[in-house]
Amino acid sequence: DGSAKMPGVTVRVGNVALPSGSYDVAYPSGATDAGSYEVTVALKGNYTGSGSATFAIAPATITSIDPIADVVFAGSPARPQLTVRAGGLVLDAGDYDATYENNTAVGTDATVTVAGRGNYSGEVSKAFTIERAQLVDSMVTLAVPEGGYAYDGNAKEPSVTVALADGTTVAPQEYLVSYPEDTTSAGDHVVTVTAADGGNFCGEVSKTFTIAPKAVTPTVVLSQGSFVYDGSAKMPGVTVRVGNVAL
C-alpha cells in the first residue's frame, strides 16, 4: 500500500520468549515495495548471538478500471487516458502494462487490458467506444490550379483531398464527392463532400470553386449596314461571334 512495513518481533531461546530489552532489532530500509525483506536481531545483556527472519510484501491486486470516456476517431490507434485502481489505490502509468484490441476504427469492440507489474498484480479489462469524427471545412481541399479556372467550354471537376489536422490523408472510401450538374459555365460551383455510411466520419462539407469568364474580343455583325430614311427607328439584327462561334 506504499507504506513501510515493520512487523512486530518475538525472540525465543528454546521455548523461552526473551524480553524486548534483551535484543536490538534492525529492520531493512525502505520496506515499502513488494518483495522479501530480512529483519536482523542482535542479542544483548544475558545473551549473545544474532538471528534473522524474513517477511514478504505481496503485490496488491488490480481491481478495476474506471469508466473510459468515448474517444473520437483520430486516424491512429486510440489509447485513452486510464484510471486504474487496486482497491482504494490509484495506480501510476508505470504500475501496469496496457494492451489494446480493436482500437483503430469506429464500430469495433475496442478493449484495453491492464496487467499489474512491480507492486501490483492481476489483470483487468475494460471496453470503450470510438466515435465518428466530424468532417469540417479545414479538412477538405479542392485541387484548383494556380490562377483558377477560366471558361473554355469544358467541364471542370477539381479533385478532392480530405486530411486530418496532422496531415494524414483520409482514404477515399471514407467519403462521397458530389459535383453540380453544370461544371462548365462561368460562375461559382459547389462541391459537396459527405461522410460515407459505416465509416469513421460523419457530416458533410461544401466547398466552392469558380470558373472565371473568358476574356475575348468579339466580332459584331449587323444584319443590315445601311438604311434609307423613312422616319422610323432602325434596329438591325445583331450577331456576335468569337472566332467562328456565334454566341
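Residue positions are counted from 1 within each chain, in the order its sequence is given. Given that the model is predicted, a residue must reach a pLDDT of at least 70 before its local features are reported, and side-chain atom pairs must reach 80 or more before they are shown or counted; all residues, however, enter totals for whole chains, interfaces and linings. As a rule here, side-chain values come from all non-hydrogen atoms in the structure, and water together with hydrogens is ignored.

Remarks on the pattern of salt bridges
Side chains bearing opposite charge may pair, as long as their charged atoms lie close to each other.
Phase 1: Salt-bridge detection follows one rule: a side-chain nitrogen of Lys or Arg within 4 Å of a carboxyl oxygen of Asp or Glu. For the structure shown, the criterion picks out six salt bridges.
Phase 2: Between Arg117 and Asp97 there is a salt bridge, and its shortest N-O distance comes to 2.7 Å. Highlighted residues: Arg117 in the loop between β12 (110-116) and β13 (120-121) and Asp97 in strand β11 (residues 96-101), separated in sequence by 20 residues.
Phase 3: Partly exposed describes any residue whose relative accessible area lies between the buried limit of under 20% and the exposed limit of over 50%, with all areas from a 1.4 Å probe on protein chains only and scaled to the type maximum. Assessed through its relative accessible area of 38%, Arg117 is described here as partly exposed. Secondary structure follows DSSP: runs of H or I at least 4 residues long count as helices, runs of E at least 2 residues long count as strands, and numbering of each begins at the N terminus.

A short note on the sheet that holds strand β7 (residues 64-65)
Phase 1: Spatially, β7-β9-β10 is the arrangement adopted by the three strands of the open sheet, whose pairing is antiparallel. With one partner strand each, in any of the chains shown, β7 and β10 (89-90) form the two edges of the open sheet.
Phase 2: Between any two strands, at least two bridges found by DSSP are needed for them to pair. In the sheet, strand β9 (residues 84-86) pairs with β10 via two bridges, with the strands oriented antiparallel. Looking at β10, one finds that Arg85 is bridged to Val90.

With respect to the environment of Gly225
Phase 1: Structurally, Gly225 can be placed in the loop between β24 (219-222) and β25 (238-242).
Phase 2: For the pair Gly225 and Pro236, spaced eleven residues apart in the sequence, the C-alpha separation amounts to 7.8 Å.

A few points about the side chain of Lys207
Phase 1: Within the secondary structure layout, Lys207 lies in strand β23 (residues 204-212).
Phase 2: The class for Lys207 is buried, based on a relative accessible area of 17%.
Phase 3: Only 3.3 Å separates the side chain of Lys207 from the side chain of Asp137, close enough to count as a polar contact. Here a polar contact is recorded for every N or O atom pair within 3.5 Å, except that within protein the pair must consist of a potential hydrogen donor and a potential acceptor, and residues adjacent in sequence are included only if both atoms are side-chain atoms.

What to know about the pairing of β23
Phase 1: Residue alternation in β23 divides its side chains into a buried set, Val205, Lys207, Phe209 and Ile211, and an unburied set, Glu204, Ser206, Thr208, Thr210 and Ala212.
Phase 2: Pairing between strand β21 (residues 187-195) and β23: eight bridges, direction antiparallel. Within β23, the residue paired with Val190 across the bridge is Thr208.

Description of the environment of Gly45
Phase 1: Among the structural elements, Gly45 can be located in the loop between β4 (35-43) and β5 (50-57).
Phase 2: Judged by its relative accessible area of 74%, Gly45 falls in the exposed class.
Phase 3: For the pair Gly45 and Ser20, spaced 25 residues apart in the sequence, the C-alpha separation amounts to 11 Å.

As for a nonpolar patch on the surface
Phase 1: The grouping of Val220, Leu222 and Val238 at the surface amounts to a nonpolar patch, some 280 Å² of accessible area in total.
Phase 2: With respect to the helices, strands and loops of the structure, Val238 is situated in strand β25.
Phase 3: On the accessibility criterion, Val238 (54% relative accessible area) is exposed. The residues that make up patches have over 30% relative accessible area and no salt bridge, and they are joined within 9 Å when like-charged or within 5 Å when they are Val, Leu, Ile, Met, Phe, Trp or Tyr. Throughout, the Shrake-Rupley method with a 1.4 Å probe supplies accessible areas, and for residues the shown protein chains are the sole cover considered.

A word on the sheet that holds β25
Phase 1: Here three strands make up an open sheet; going across it, the order is β24-β25-β26 and the pairing antiparallel. The strands lining the two open edges of the sheet, one partner per strand, are β24 and β26 (245-246).
Phase 2: Alignment of β24 against β25, held across four bridges, turns out to be antiparallel. Within β25, the position partnered with Thr219 by the bridge is Arg241.

As for the packing of aromatic side chains
Phase 1: What counts as a ring pair is set by centres within 6.5 Å for rings of Phe, Tyr and Trp (its six-membered ring), and what kind of pair is set by the plane angle: stacked under 30 degrees, edge-to-face over 60, tilted for all other angles. Tallied over the entire structure, the rule returns four aromatic pairs.
Phase 2: A centroid spacing of 6.2 Å and a plane angle of 85° characterise the contact between Tyr100 and Phe128, whose relative ring orientation is edge-to-face. Highlighted residues: Tyr100 in strand β11 and Phe128 in strand β14 (residues 123-128), separated in sequence by 28 residues. No difference in accessibility class separates Tyr100 from Phe128, as the two residues are buried.
Phase 3: Considering the side-chain rings of Tyr149 and Phe209, the 5.7 Å spacing of their centres and the 70° angle between planes classify their relative orientation as edge-to-face. On the criterion of sequence distance, the pair formed by Tyr149 in strand β18 (residues 149-150) and Phe209 in strand β23 is long-range, its members being 60 residues apart. The pair Tyr149 / Phe209 is uniform in exposure class, with both members buried.

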